[in-house]
There are 2 protein chains.
Amino acid sequence: MKKSPLTRRYLLTMIGKTAGAGALYSAMTSWGLARPSTFTDELDLSAAPNGSSVLVLGAGLGGMTAAYELRKAGYEVSILEYSERPGGRCYTIHSGDTFTDLSGETQHCTFAPGNYINPGPWRIPYHHYGVLHYCKKFGVKLEPFIQLNYNAYVHSPHAFDGKPQRVREVLTDVHGYTAELLAKATDQNALDEYLTPEDCEALLEQLDDWGRLTGDHKYQKSIKASEFRGFKDWPAGGLMPKPSPSEPLDFKELLHSGLWGLLLDYFNTEYQHAMFEPHGGMEQIARGFANQVGDIIDYRCQVTRIEQSDDKVTVHYIDPDKPDEVKTRSADWCVCNIPLSVLSQIQVDASPAMLQAIAAIPYGSSTKTGLEFKRRFWEQDESIFGGVTYTDMPIKVISYPAYDYFSDGPAVLLGAYTIEDAGSYTMSAMTGRERVAAAVAYGKQIHPQYEKEFISGVSWSWHRCPWTLGCYGLWTDELREAHYDTLCSIDHRLVLTGEHCSYIPAWMEGAILSGMDATKRLHEKATAMKRERGDHE
Amino acid sequence: MKKSPLTRRYLLTMIGKTAGAGALYSAMTSWGLARPSTFTDELDLSAAPNGSSVLVLGAGLGGMTAAYELRKAGYEVSILEYSERPGGRCYTIHSGDTFTDLSGETQHCTFAPGNYINPGPWRIPYHHYGVLHYCKKFGVKLEPFIQLNYNAYVHSPHAFDGKPQRVREVLTDVHGYTAELLAKATDQNALDEYLTPEDCEALLEQLDDWGRLTGDHKYQKSIKASEFRGFKDWPAGGLMPKPSPSEPLDFKELLHSGLWGLLLDYFNTEYQHAMFEPHGGMEQIARGFANQVGDIIDYRCQVTRIEQSDDKVTVHYIDPDKPDEVKTRSADWCVCNIPLSVLSQIQVDASPAMLQAIAAIPYGSSTKTGLEFKRRFWEQDESIFGGVTYTDMPIKVISYPAYDYFSDGPAVLLGAYTIEDAGSYTMSAMTGRERVAAAVAYGKQIHPQYEKEFISGVSWSWHRCPWTLGCYGLWTDELREAHYDTLCSIDHRLVLTGEHCSYIPAWMEGAILSGMDATKRLHEKATAMKRERGDHE
Ligand SMILES: Cc1cc2nc3c(=O)[nH]c(=O)nc-3n(C[C@H](O)[C@H](O)[C@H](O)COP(=O)(O)OP(=O)(O)OC[C@H]3O[C@@H](n4cnc5c(N)ncnc54)[C@H](O)[C@@H]3O)c2cc1C
Ligand SMILES: Cc1cc2nc3c(=O)[nH]c(=O)nc-3n(C[C@H](O)[C@H](O)[C@H](O)COP(=O)(O)OP(=O)(O)OC[C@H]3O[C@@H](n4cnc5c(N)ncnc54)[C@H](O)[C@@H]3O)c2cc1C
């Protein structure tokens, strides 16, 4: 690699080189450094056909996005919503809240005032432009969410005698041992088919740095490795104990521990820094939208039938508390944001292909359990500020609050987050109280302080929620192939929105982008039809 | 690996198992999950010998820590400080500030009101317990600092045609190609000496996941790899374009690019999440300390000589603006916080070994350049929210503000941060204005928007600062061996504090822990002497 010449003259010449600047400026576009997203710009629709009306079913983010944009374009919009609040899955359980699930179990959240847990969405990646766009537009203040905390743990009760291992230790050891093995193979010329001697030299040099290898390319106890994995005695001041290296984990034990695999999520674009969350709970986003469209939402309106005729859509709905009084409402167009798990049980007038698509997608299971403790022992005793601990126990996740760091008094962590695995169904089969107890029982294997510090908990199961009957649409490649385009297309006067109509399932971005896309296409169709009709008149 | 049995009965049994809980609780201590630091607890000294006095030289964090703790213990303490403000290197240049360096160049910071740059310390790791302890104690509010942002860049003008590469792409490709090579070697039985067939199977399985390998253990363009490195077309909603995979970088080009090495700092304990910074600039920490000891600091007092006699220390000092008026002040004890670069030029009464130690440690060079732009183009155009971009150009670092995300209006980024390398000396040799121009000229190779959006900049060189004459003490293993213990020991009535008296050079934690340690030992000596003398009377 050539090095930059570092003379002063070189620097000063550099500064003078303004001639090339224009070229540089335009380079960015060709480099593709612009936003890594399909989201390009905000919708700017206008000129809705005179007097056209749209009925939106469901005040989730997918529905409210469509309602907001269509109203802005000039449509007459109203929203029918099953529950008594906007946002659907974008929800926060606050101190003082009470909720009852499908089984009839009522939980009361007795957290200290101000404390809360997000039973659904809780983190926003930097590349979810739709979400970030509307947060900014609607004044929803975001703060950093921390996913990767090197000082959090990965854990298995079957590995390392059940002792939780710091992420920094496991990650450094994975890098170290794989680098050592690769260096051995390189040294033994096993890779000569692929690498020139020059390549081998460069590779060995970088493996030494990357893997913190010492001596003859060995990953072993050393200050160099400790700089990455952490020390036994950490560097300190004055005549305090001198720094001493920590002992790497045993390679074979690590290899068979399952802990390596628990690191994966830290590197997935969905969980990569920077991430965000709204200050005060995810529901802030729902409120941001409701500030715009709240005036056109009718709550406690459970849709029971969607009729389509030539020139309009008529929707039947009831108040879930008075199931016998069926009401109807009609409009020119209908945007349906109802999860497929629920929609598939409603009579809908649509093409056979659309009805098949609606019926085809199974829904995932998920539970989340929030636990309140007397103090932030994870910060105070273990120096864990935000971030996620992964375990292969059924609780899967412990996530530490990424807000109000260093504060005293009771605090809430996410004590269990099961999603689409065996543990998730087992957890869903339990009552909320049992799930809280299970989260504590498992969690204390990682944080023994649970025993003494636990105050109370609440637990939410998405399968026990009447307006979702599950967590999210479980697409497979085969299902996409067979049904996705149909599901997203406009069926006469009906179009669907929601995370299920996206390639980003179980993310708010999916719901919002689908809402934007459906809106745009509906507007195109409505204006095209108007034009045609105008031409005929 | 055994799997947890996931029956409901198992879960309920688990919950009942409170018998073992006590054992679990005590397990934490033996597991060593307590804080990874030598810092254990706050100092709680008391009963200073009646009427004992201490003179502290320098109001850096090392000096103020000692002053605070000694006064609390009952000593009569006063501080002489060269400059006109507390904190030393812990400093923030705010909008409106003016400063003049040793060369006589005056810079005026014309940033928009509220904007600032930290010319010295700017980030605090989670394991710097001393810093975090005093921040909490003195009410200094901290917010997350972001080091690793997967969407920031690593860059070399000599690699990939000078196109900056996203961290997520390079990191995923490094994992991918090393996994592929290691899988090849494993498949060819090159590692059979070290791995059993069972090990090989487990390794291959995990390499597939970790390296995002597809097909026959190949790292190649795929959705699986794109989930980590990012997509060409990102997953979206409705009938927007379908997700399409991105193309990995060429392995050989990557291997020889130098970019792999630029990833290293993201994994070093010194820069691992969680990190923090004070809201409003690092100087908030200096202010926190000054709220406690500000009343005993005399500013514009440049120490020029330290005399020791049997029973006291006498310090000569001047007002730098009136060098002819030499004043003196005496005390029983002296805590000297003056950087060795300056102290080595002052006449000090101390043992020959101590004087040798003081003279032996060279000081590193460092410059930092803050640039203000009309808007947060890095957020708005490139979706970079906080974090650090590394380049092998002389500017080395571009760091994006980790506060006030999404805000409009002018914002400041760290446009160059050179420390102890060739670039650093070259940059130090330039005037501040030249350094600002250089930072812009280099930086626009990464962010072409510089050209259009740049407003103004300020640059600080630590070699041009009269009260440090350098950046930090450059220890080597040999120097530590020869001088460290001497430098930290109490020399008659004099003890040194500061980052140079620590194993954490160039970190505030080093200064603070050294201050705590020196204080403790001084107090021990003072009380022991008092006791002895008492015994004699
Ligand atoms: C456990 C969990 C974790 C998640 N984590 C994240 C995360 O970290 N980040 C992220 O971005 N996303 C996350 N998500 C996904 C996110 O919550 C969803 O993708 C998004 O909120 C879905 O919005 P939607 O508009 O598609 O549906 P919903 O929000 O479900 O809206 C549908 C609406 O329709 C209403 N409705 C239902 N039936 C009827 C009816 N018969 N009549 C009238 N109205 C009806 C419902 O009450 C609801 O208001 C998570 C989801 C879950 C469940
Ligand atoms: C560029 C740079 C980046 C850094 N980044 C970080 C970081 O991100 N995080 C972190 O924790 N740390 C960082 N540090 C290190 C941190 O700033 C220092 O370790 C710490 O502030 C040093 O404190 P101190 O008390 O040892 O010395 P100082 O802060 O230098 O205090 C010494 C004091 O002595 C005074 N003095 C000097 N001469 C005399 C004299 N003759 N008479 C009287 N008084 C005198 C000075 O004015 C000064 O106030 C950084 C430092 C630099 C320079």
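About the criteria used
Residues numbered from 1 in each chain as written. Chains lettered and ligands numbered in written order. Predicted model: local features only at pLDDT ≥ 70, side-chain atom pairs only at ≥ 80, totals over all residues. Heavy atoms only, no water. Helix = DSSP H or I, 4+ residues; strand = E, 2+ residues; numbered from the N terminus. Expected span 1.5 Å × (residues − 1). Buried < 20%, exposed > 50% of the residue type's maximum accessible area, 1.4 Å probe, protein only. Domains from an automatic or database assignment. Contact = heavy atoms within 4.5 Å. Buried area = accessible area lost by both parts, 1.4 Å probe. Salt bridge = Lys/Arg side-chain N within 4 Å of Asp/Glu carboxyl O. Polar contact = N/O pair within 3.5 Å; in protein donor to acceptor, adjacent residues only side chain to side chain. Near = heavy atom within 4 Å. Areas by Shrake-Rupley, 256 points an atom, 1.4 Å probe, with all protein chains shown as cover. Pairing = 2+ DSSP bridges. Nonpolar A, V, L, I, M, F, W, Y, C, P; charged D, E, K, R; others polar. Patch = residues over 30% accessible without salt bridge, like charges linked within 9 Å, V, L, I, M, F, W, Y side chains within 5 Å. Lys, Arg positive; Asp, Glu negative; His and termini not counted. Charge placed at Lys NZ, Arg CZ, Asp CG, Glu CD. Core = buried A, V, L, I, M, F, W, Y, C linked by side-chain atoms within 4.5 Å. Least-squares fit on C-alpha atoms with pLDDT ≥ 70 in both. Phe/Tyr/Trp six-rings, centres within 6.5 Å; stacked < 30°, edge-to-face > 60°. Lys NZ or Arg CZ within 6 Å of the ring centre and 35° of its normal.

1. Examining helix H3 (residues 61-73) of chain B
Each α-helix winds once per 3.6 residues, and so residues spaced three or four apart point in a common direction.
Line of reasoning, step 1. Given a rise of 1.5 Å per residue, 13 residues ought to cover 18 Å, and the 18 Å separating the end C-alpha atoms of H3(B) matches this to within 8%.
Line of reasoning, step 2. Of all the 13 residues making up H3(B), 11 are buried; the element is thus mostly covered by neighbouring parts of the structure.

2. Some thoughts on the domain arrangement of chain A
Often, the extent of an interface is quoted as the loss of accessible area upon association of its parts.
Residue and element names in this part refer to chain A.
Line of reasoning, step 1. Domain annotation for chain A reports domain 1 (53-87 + 284-362 + 474-536), domain 2 (93-151 + 273-281 + 364-464) and domain 3 (167-257).
Line of reasoning, step 2. Measuring from the centre of the C-alpha atoms in domain 1 to the corresponding centre in domain 2 gives 30 Å.
Line of reasoning, step 3. Counting residues at the interface gives 18 residues for domain 1, matched by 22 residues for domain 2.
Line of reasoning, step 4. In total, about 1,600 Å² of surface goes out of reach between domain 1 and domain 2, with carbon and sulfur atoms giving 72% of it.
Line of reasoning, step 5. Three residues, Gln284, Trp507 and Glu509, lead the burial of domain 1 against domain 2; their summed loss comes to 34% of the area buried on that side.
Line of reasoning, step 6. Joining domain 1 to domain 2, the criterion identifies zero salt bridges.
Line of reasoning, step 7. The interface formed by domain 1 and domain 2 contains five residue pairs in polar contact (both at pLDDT 80 or more).
Line of reasoning, step 8. Of all the secondary structure elements, the ones that give two or more residues to the side of domain 1 that touches domain 2 are helix H3 (61-73), helix H10 (283-293) and helix H18 (508-536).
Line of reasoning, step 9. Here the side of domain 1 that touches domain 2 takes six residues from H10, the largest share from any one element.

3. Topic: the site of ligand 2
Residue and element names in this part refer to chain B.
Line of reasoning, step 1. Looking at ligand 2, there are 36 residues lining it, with Glu81, Arg89, Arg123, Glu499 and Met508 nearest.
Line of reasoning, step 2. Contact between ligand 2 and tyrosine 82: a nitrogen atom at 3.2 Å from a main-chain N or O atom of the residue.
Line of reasoning, step 3. For ligand 2, a nitrogen atom lies 3.1 Å from a polar atom in the backbone of alanine 506.
Line of reasoning, step 4. In isolation ligand 2 exposes 1,000 Å². Once the protein is present, 99% of that is buried.
Line of reasoning, step 5. Counting only elements with at least two residues in the shell around ligand 2, the list comes to H3, strand S15 (302-308) and helix H18 (508-536).
Line of reasoning, step 6. Both of domain 1 (53-87 + 284-362 + 473-536) and domain 2 (93-151 + 273-277 + 364-464) provide at least three residues apiece to the shell around ligand 2.

4. Points about the pairing of strand S17 (residues 322-331) of chain B
Residues and elements named next belong to chain B.
Line of reasoning, step 1. As judged from the six bridges shared by strand S16 (residues 313-319) and S17, these two strands associate in the antiparallel manner. Of the residues in S17, the one forming a bridge with valine 313 is alanine 331.
Line of reasoning, step 2. Between the antiparallel neighbours S16 and S17 lie two residues.

5. What about the pattern of salt bridges?
Line of reasoning, step 1. Under the criterion given, the structure shown has 50 salt bridges over all chains.
Line of reasoning, step 2. Across the pair Asp321(A) and Arg300(A) runs a salt bridge, and its minimum N-O distance is 3.1 Å. Here Asp321(A), found in the loop between strand S16 (313-319) and strand S17 (322-331), pairs with Arg300(A), found in the loop between strand S14 (297-298) and strand S15 (302-308); they are 21 residues apart in sequence, far enough to count as distant.
Line of reasoning, step 3. Across the salt bridge formed by Asp349(B) and Arg305(B), the nearest N and O atoms sit 3.4 Å from each other. Remark: Arg305(B) occurs in strand S15 and Asp349(B) occurs in the loop between strand S19 (347-348) and helix H12 (352-360); sequence separation between them is 44 residues.
Line of reasoning, step 4. For Asp349(B), a relative accessible area of 25% puts it in the partly exposed group.
Line of reasoning, step 5. When salt bridges that share partners are traced, they join Glu84(A), Arg300(A) and Asp321(A) into one network.

6. Some details on the site of ligand 1
Residues and elements named next belong to chain A.
Line of reasoning, step 1. Around ligand 1 sit 37 residues in total, of which Glu81, Arg89, Arg123, Glu499 and Met508 are the nearest.
Line of reasoning, step 2. Here an oxygen atom of ligand 1 and a side-chain polar atom of asparagine 337 are 3.0 Å apart.
Line of reasoning, step 3. Contact distances for ligand 1 include 2.8 Å between an oxygen atom and a backbone N or O atom of glutamate 499.
Line of reasoning, step 4. For ligand 1, the protein covers 99% of the area, taking 1,000 Å² as the surface of the free molecule.
Line of reasoning, step 5. Elements with a minimum of two residues in the shell around ligand 1: H3, S15 and H18.
Line of reasoning, step 6. Here the shell around ligand 1 is composed, by residue class, of 22 nonpolar, 11 polar and four charged.
Line of reasoning, step 7. Residue assignment places the shell around ligand 1 across two domains, with domain 1 (53-87 + 284-362 + 474-536) and domain 2 (93-151 + 273-281 + 364-464) each supplying three or more.

7. Regarding the environment of Gly370(A)
All names here are of chain A.
Line of reasoning, step 1. Turning to its location among the elements, glycine 370 is positioned in strand S20 (residues 366-373).
Line of reasoning, step 2. Accessibility expressed as a relative area gives 0% for glycine 370, which makes it buried.
Line of reasoning, step 3. C-alpha of glycine 370 to C-alpha of valine 436: the two residues are 66 residues apart in sequence and 7.8 Å apart in space.

8. Some details on the sheet that holds strand S7 (residues 124-125) of chain B
Line of reasoning, step 1. Read across the sheet, three strands follow the order S7-S13-S8 (chain B) without closing on themselves; strand pairing throughout is antiparallel. Bordering the open sheet on either side are S7 and strand S8 (142-145) of chain B, each of which pairs with just one other strand.

9. Some words on a negative patch on the surface
Line of reasoning, step 1. Side chains of Glu198(A), Glu201(A), Glu205(A) and Asp209(A) sit close together on the surface and give a patch of like negative charge.
Line of reasoning, step 2. For Asp209(A), the position within the fold is in helix H6 (residues 197-210).

10. Considerations on the nonpolar core
Line of reasoning, step 1. Residues Leu263(A), Ile285(A), Leu263(B) and Ile285(B) are the most contacted members of the largest nonpolar core, which totals 288 residues.
Line of reasoning, step 2. Discounting chain neighbours no more than four positions away, the residues touching Leu263(A) are Val154(A), Val167(A), Val170(A), Leu171(A), Val174(A) and Trp210(B).

11. Here's the deal with the interface of chain A and chain B
Line of reasoning, step 1. The partner chain B presents 146 residues to the 145 residues of chain A that form the contact.
Line of reasoning, step 2. Counting across the interface, chain A meets chain B through six salt bridges.
Line of reasoning, step 3. For Lys252(A), the salt bridge goes to Asp199(B), with nearest N and O atoms at 2.5 Å.
Line of reasoning, step 4. At the junction of chain A and chain B, the tally comes to 37 residue pairs in polar contact (both at pLDDT 80 or more).
Line of reasoning, step 5. At nine residues, helix H5 (residues 167-187) of chain A tops the list of elements feeding residues into the side of chain A that touches chain B.
Line of reasoning, step 6. Its residues assigned to classes, the side of chain A that touches chain B shows 75 nonpolar, 38 polar and 32 charged.

12. Some thoughts on the relation of the copies chain A and chain B
Line of reasoning, step 1. Expressed as a screw transformation, the operator carrying chain A onto chain B has a rotation angle of 180° and an axial translation of 0.0 Å, and the superposed copies differ by an RMSD of 0.0 Å. The superposition of one copy onto the other is thereby described by a two-fold rotation axis. The rotation axis passes nearest to the C-alpha of Leu182(A) in chain A, at a distance of 2.7 Å.
Line of reasoning, step 2. Both copies share a contact surface, since 100% of the interface residues of chain A are interface residues in chain B too.

13. Some details on the packing of aromatic side chains
Line of reasoning, step 1. Going through the model one piece at a time under the given rule, you end up with 70 aromatic pairs over all chains.
Line of reasoning, step 2. Judged by centre distance (5.9 Å) and plane angle (80°), the ring pair of Trp462(B) and Trp467(B) falls under edge-to-face. Trp467(B) matches Trp462(B) in its accessibility class, with the two residues each being buried.
Line of reasoning, step 3. Three or more aromatic residues joined by ring pairs make a cluster, and in this case those are Phe373(A), Phe377(A), Trp378(A), Tyr400(A), Tyr450(A) and Phe454(A).
Line of reasoning, step 4. In this structure, Lys368(A) is placed above the aromatic ring of Tyr417(A), and the distance from its NZ or CZ to the ring centre is 5.1 Å.

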